[in-house]
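Listed here are the chains, written in short residue letters.
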Amino acid sequence: MAKILCVLTGASYWTMKDGHRHPTGYWAEEFVAPYSVFTDAGHEVTVATPSGVVPVVDTMSLEPRMAGGEENALQEEAVIESADELRHPISLQEVRLEDYDAVYYPGGHGPMEDLSVDPDSGALLRDALASGNPLGIVCHAPAALLATRGANGETPFANYRVTGFCNEEEAGVGFADKAKWLLEDELKKLPTQYSRGPAWEPYTVVDRNLFTGQNPASSGPLAKELVMALS
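Source: prediction; values computed, not measured.

J.: Go over the UniProt feature "domain: DJ-1/PfpI" (unreviewed entry) in the protein chain, please, and point to the residues and values.
T.: Per the UniProt annotation, the sites labelled "domain: DJ-1/PfpI" (unreviewed entry) are residues 29-227. Within the segment residues 29-227, helix and strand shares are 34% and 14% respectively, and the terminal C-alpha atoms sit 17 Å apart.

So this is what it looks like as structure tokens:
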């Protein structure tokens, strides 16, 4: 049995460039699908958030049109309600990386608000990359890589091959022209070797111990790749 640290956003809103606070959180599928893969494989999951706040799910992600139908939405909601780990997160400041065999970051728009500037998350990501253990990051969660930059802008993730939520997909959900910045653009500036697949279809990229996924549909396949790496 492996121990997997799941780092979720603690944000409940995302600030638009006009100052509007759009309600958000973590994306249901991006927690539920990997959580199910991890626990079905017999692994133990610990949830961590900034300051140990209880994470909130983006309610839009549980709408049938976003969850792939009403049955899927109900199944995801049931997993969220039964996952005790979500109600008892540890604080990022308390994390001892040596206690875990892998680290996984789900997305949702929340990481654009908090993890993109969180120094504790940035330090954890730098250490997780250096550890050589599997590090999985999906959809909007690669925004957290922006917090790994040092005073001179340097980051150990520079020139790694990655993917993440693309500009076309952001336009598809209606936020591309409202956001302060777009994830695809910032990942290219970091710089990383960003690539993407077709919008909304599963697409994952593996570079050494770094596993990234483009969108919600990529979270389940990414989790299976992490479990294979652990075995």
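J.: How would you explain the packing of helix H1 (residues 28-40) against helix H3 (residues 70-82) if you had to name every residue and give the values?
T.: Orientation of H1 relative to H3, taken along the N-to-C sense of each, is 70°, at an axis distance of 10 Å. Considered as vectors, H1 and H3 are oriented roughly perpendicular to each other. For the pair formed by H1 and H3, the contact residues are Ala28, Glu29, Val32, Tyr35 and Ser36 on the first element and Glu76, Val79 and Ile80 on the second. Here the contact of H1 with H3 is composed, by residue class, of five nonpolar, one polar and two charged.

J.: Mind laying out the pairing of strand E4 (residues 44-49), listing which residues take part and the relevant values?
T.: Of all six residues making up E4, five are buried, and the element is well covered by its neighbours. In the sheet, strand E1 (residues 3-7) pairs with E4 via five bridges, with the strands oriented parallel. When the bridges of E4 are listed, Val7 appears paired with Ala48. In this sheet, strand E5 (residues 90-91) lies alongside E4 in parallel orientation, the contact comprising two bridges. Bridge pairing in E5 places Thr49 opposite Ser91.

Thresholds, definitions, all that
Sequence order as written defines the numbering, with residues in each chain counted from 1. Where totals are concerned, whole chains, interfaces and linings use all residues; where local detail is concerned, this predicted model gives features only for residues with pLDDT of at least 70, and gives and counts side-chain atom pairs only at 80 or more. In computing side-chain values, all of the structure's heavy atoms are included and hydrogens and water are not. UniProt positions are given in the numbering used here, feature names are shortened, and annotations may be inferred rather than shown by experiment. For helices the rule is a DSSP run of H or I covering at least 4 residues; for strands it is a run of E covering at least 2, with both sets numbered from the N terminus onward. Axis definition: a line fit to C-alpha positions, over the contact stretch in the case of helices; interaxial angles, taken between N-to-C directions, run 0 to 180 degrees. With respect to orientation, any angle under 35 degrees is reported as roughly parallel, any angle over 145 as roughly antiparallel, any angle of 65 to 115 as roughly perpendicular, and every other angle as oblique. Contacts between residues were defined by any pair of non-hydrogen atoms, one from each residue, lying within 4.5 Å. Each residue gets one of three labels, nonpolar for Ala, Val, Leu, Ile, Met, Phe, Trp, Tyr, Cys and Pro, charged for Asp, Glu, Lys and Arg, and polar for the others, Gly among them. With a 1.4 Å probe rolled over the protein chains alone, any residue whose accessible area is under 20% of its type maximum counts as buried; one over 50% counts as exposed, and the rest are partly exposed. Any two strands with at least two DSSP-identified bridges between them are counted as paired.

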